[in-house]
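Now for the letters of each chain:
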Amino acid sequence: MASPCSDSHSEHTTDEAILARLGYKQEFRRAFTPLEVFGVAFSIVGLLPSIASVLFNAMPNGGPLAMVWGWLVASVFIMCIGLAMAELASAAPTSGGLYYWTHSLASPRCRNLLSWIVGYSNTITSIAALASVDWACAIQITAAVSIASNQVYVTTNGQIYGIFAGLVLSHAVLVSLGTQILARLQRLYILLNVCLCFIVIIALPIATPSEFKNSASYALGDFTNLDGWPSGFAFILSLLAPLWTIGGYDSSVHISEEASNATTAIPWAIVGSIAVSAALGWGINVSLAFCMGRDLKGILSSPIGQPMAQIFYNSFGQKGALALWSLVIMAQYMMGSSCLLVGSRQTFAFARDGGLPFSRYFYRINRYTRTPVNTVWLDALLSLSVGLLAFASTQAINAIFTLTITSSYVSYITPIVTRFAFKNDFKPGPFNLGKFSFPIAAIAVSWMVFMNIIFFFPTTPQTTAQEMNYTVVVLGGFMSLAICWYYCPIYGGVHWFNGPVSNLDIDQG
């Protein structure tokens, strides 16, 4: 009978052989078990704190109907995206993931450019994800202070940015630690997130006073439109909430080179995190819809500054709300650390292939922690830069939520399309959809293209320069710079970037 130790060694040997077939040597420790890989994806979803972060988008664009049924509609399409990506991840489990798949599946005539575009869109996704999660966490912290002061405390954007900066820097320190520590933390993240979900699903209806309880007809059927768009369009805009919440499921892909049994662990982590998040998230939204009362304007304009925190305050009172909200903040903080963990691995992979400026400085593994400390701090500092949008306007900083989705969809669409649009030698891995591969991919791509167009619209029909949706400005500007650099005479990537580069014969110093 084989011992667990020998089984583990055999798995690692197989994983290393698969990675070598993809052109890379093993540089990270494979310390993540399948459960911990799932934990990374699930903690980045961070259900309750994530729903809290974007509730301000669903409530004015449909109210309870959008919260409950919009969640289910979005979940179906999210699962299609996840399934299409899971097939690719099973076939080629590498930290580069999306841009690696694009290059290996596209035509030789355009593979370098497409890989470049995906690499940069995935990089801005990682940076925006960390910025949006930590900005939401900073707002949640100020909401806790407001609850503690009986809603007397009012914050400024400058104070929120100071808290945001502290969160980002503390995450950079945490994620610079050894891989084994980061892997074991995922189990704590899973436990806390699941417990929070059940607290809200079970305890909130029990604790809510009768004046805040809603009837089934209201909770499941009332449509409240506060932002002025036509009702159908408002409902579509409300889908930002589930799409941002159940996002980042490609996160497990970027730790492929640190995971055991990656060809099956990674795809099942993608699909499993989406399925569990969809089910528990729907339960949370139903509970909120039944227990939030009917004064949606009052909840949205509350001095607390956070709709879900106000709902908890109404239901649990000051002390109960403060205790529960503290757990929400903890879960959101954990979510930020997972975002930086995953983002730094993607940036490291792109630097390994020479895609970033000064790649040779960022393609470094710390000799003590065996982690890419340089790219950890690069992502952290760039996220701090994105956070400066707060000083332009509230709408400008809120654009980082839509920026996270739109940039990620650019990087998701491209490899899925290239698999079917070009002649290639794609060989499915253990996770394979068979004859359903193309229909599911077509649904996923059509949905992402449609939603990307929608998310460039402002939150209200009547808008000003300050209140416009800055997503198109930030994403368009960043990607324009990336493409300009690619075609830059003499120094541009068109002259030297060849996509993923094998490092099997390179000794890392």
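Structural data are supplied above this passage.
Since we're looking at a predicted model, the values are computed, not measured. (Residues numbered from 1 in each chain as written. Predicted model: local features only at pLDDT ≥ 70, side-chain atom pairs only at ≥ 80, totals over all residues. Heavy atoms only, no water.)

**Some points on the overall build of the protein chain**
When its secondary structure is counted, the protein chain shows 19 helices and two strands. Expected size for 509 residues packed as a compact globule is a radius of gyration near 23 Å; at 22 Å, the protein chain falls within 12% of this value. Across its three principal axes, the protein chain shows a C-alpha extent of roughly 70 × 60 × 45 Å. Burial status across the protein chain gives 59% buried among its 509 residues. Of the contacts made within the protein chain by residues no fewer than 6 positions apart, 84% connect residues no fewer than 24 positions apart. As displayed, the protein chain has an accessible area near 19,000 Å², and 67% of this comes from carbon and sulfur atoms. Taking the average place of the 22 positive charges on the side chains of the protein chain and the average place of its 21 negative ones, the gap between the two points comes to 4 Å. (Helix = DSSP H or I, 4+ residues; strand = E, 2+ residues; numbered from the N terminus. Rg over C-alpha atoms; globule rule 2.2 N^0.38 Å. Buried < 20%, exposed > 50% of the residue type's maximum accessible area, 1.4 Å probe, protein only. Contact = heavy atoms within 4.5 Å. Areas by Shrake-Rupley, 256 points an atom, 1.4 Å probe, with all protein chains shown as cover. Lys, Arg positive; Asp, Glu negative; His and termini not counted. Charge placed at Lys NZ, Arg CZ, Asp CG, Glu CD.)

**What to know about helix H16 (residues 373-387)**
Taking 1.5 Å of rise per residue, the 15 residues of H16 would be expected to cover 21 Å, and the 21 Å separating its terminal C-alpha atoms lies within 8% of that figure. Listing the buried residues of H16 in full gives Val-373, Thr-375, Val-376, Leu-378, Asp-379, Ala-380, Ser-383, Leu-384, Val-386 and Gly-387. Turning to H16, the residues buried within the fold contact helix H6 (111-148), helix H7 (157-175), helix H14 (307-352), helix H15 (359-362) and helix H17 (394-421). (Expected span 1.5 Å × (residues − 1).)

**What about the side chain of Ser-75?**
Locating Ser-75 in the fold gives a position in helix H4 (residues 63-91). A residue is classified by how much of its surface remains accessible, and Ser-75, at 8% relative accessible area, is buried.

**A word on the pattern of salt bridges**
Scanning the entire structure with this criterion turns up three salt bridges. In this structure, Glu-258 engages Arg-345 in a salt bridge whose closest nitrogen and oxygen atoms are separated by 3.0 Å. Separated by 87 residues along the polypeptide, Glu-258 in the loop between helix H11 (240-245) and helix H12 (262-291) and Arg-345 in helix H14 bring together distant segments of the chain. (Salt bridge = Lys/Arg side-chain N within 4 Å of Asp/Glu carboxyl O.)

**What to know about the environment of Met-479**
Following the sequence through the fold, Met-479 ends up in helix H19 (residues 471-486). Given the relative accessible area of 12%, Met-479 is considered buried. Here the alpha-carbon distance between Met-479 and Ile-141, two residues 338 residues apart in the chain, equals 33 Å. Apart from the residues lying within four places of it in its own chain, the contact partners of Met-479 are Ile-117, Tyr-120 and Ser-121.

**Description of the packing of H6 against H16**
Contact pair H6 / H16: the axes reach a minimum separation of 8 Å and the direction vectors enclose 65°. For the pair H6 and H16, the crossing hand works out as right-handed. In this structure, H6 contributes Ser-126, Ile-127, Leu-130, Ala-131 and Trp-135 to the contact, and H16 contributes Asp-379, Ala-380, Leu-382, Ser-383, Val-386 and Gly-387. Grouping the constituent residues of the contact of H6 with H16 by class yields seven nonpolar, three polar and one charged. (Axes fitted to C-alpha atoms, helices over the stretch in contact; angles between N-to-C directions. Left-handed = near helix turned anticlockwise from the far one by under 90°. Nonpolar A, V, L, I, M, F, W, Y, C, P; charged D, E, K, R; others polar.)

**As for the environment of Trp-496**
Structurally, the position occupied by Trp-496 is in the segment after H19. Along the sequence, Trp-496 and Ile-416 sit 80 residues apart, while their C-alpha atoms lie 25 Å from each other. For Trp-496, the side chain forms a polar contact with the main-chain oxygen of Tyr-491, separated by 2.8 Å. (Polar contact = N/O pair within 3.5 Å; in protein donor to acceptor, adjacent residues only side chain to side chain.)

**With respect to the state of the cysteines**
Tallying each qualifying case throughout the model produces zero disulfides. Left without a disulfide partner, Cys-291 is nearest to the cysteine sulfur of Cys-197, which lies 15 Å away. Owing to a relative accessible area of 3%, Cys-291 belongs among the buried residues under this scheme. Cys-484 provides the cysteine sulfur closest to Cys-488, a residue in no disulfide bond, and the two sulfurs are 8.8 Å apart. (Disulfide = S-S within 2.5 Å.)

**Some remarks on the packing of aromatic side chains**
Working definition: an aromatic ring pair is given by the centre-to-centre distance plus the angle between the planes. Counting across every chain of the model gives 30 aromatic pairs. These aromatic residues form a ring-pair network of at least three members: Tyr-99, Trp-116, Tyr-120, Phe-350, Phe-478, Trp-485, Tyr-486, Tyr-487, Trp-496 and Phe-497. (Phe/Tyr/Trp six-rings, centres within 6.5 Å; stacked < 30°, edge-to-face > 60°.)

**Topic: the environment of Ala-396**
With respect to the helices and strands, Ala-396 occurs in helix H17. C-alpha of Ala-396 to C-alpha of Gln-466: the two residues are 70 residues apart in sequence and 7.4 Å apart in space. Ala-396 has contacts with Leu-389 and Tyr-470, leaving out every residue within four places of it along the chain.

**Quick look at the nonpolar core**
Of all hydrophobic cores here, the largest spans 165 residues; its most connected members are Leu-243, Leu-288, Phe-312, Trp-325 and Tyr-409. Looking at this core element by element, the count peaks at 21 residues for H14. Apart from the residues within four sequence positions on either side, Leu-243 is in contact with Ala-74, Ile-78, Ile-405, Tyr-409, Trp-447, Met-451 and Phe-455. (Core = buried A, V, L, I, M, F, W, Y, C linked by side-chain atoms within 4.5 Å.)

**Here's the deal with the side chain of Gln-140**
Considering the arrangement of structural elements, one finds Gln-140 in helix H6. If near-sequence neighbours (up to four positions away) are discounted, Gln-140 is found in contact with Pro-49, Ala-52, Ser-53, Gln-306, Trp-325, Val-328, Ile-329 and Gln-332.

**Comments concerning H17**
With 28 residues, H17 should reach 40 Å at 1.5 Å per residue; the first-to-last C-alpha distance of 41 Å fits that figure. By the criterion of burial, H17 is predominantly enclosed, with 21 of the 28 residues buried.

**A closer look at a nonpolar patch on the surface**
Taken together, the side chains of Trp-69, Leu-72 and Leu-220 define a hydrophobic patch exposed on the protein surface, amounting to about 230 Å² of accessible area. Positionally, Leu-72 belongs in helix H4. (Patch = residues over 30% accessible without salt bridge, like charges linked within 9 Å, V, L, I, M, F, W, Y side chains within 5 Å.)

**Side note on unusual backbone geometry**
Of note in the backbone geometry, Asn-261 takes a positive phi value of approximately 55° without being a glycine. The residue Asn-261 is located in the loop between H11 and H12 in this model. Among the residues examined, Asn-261 registers a relative accessible area of 30% and is labelled partly exposed.

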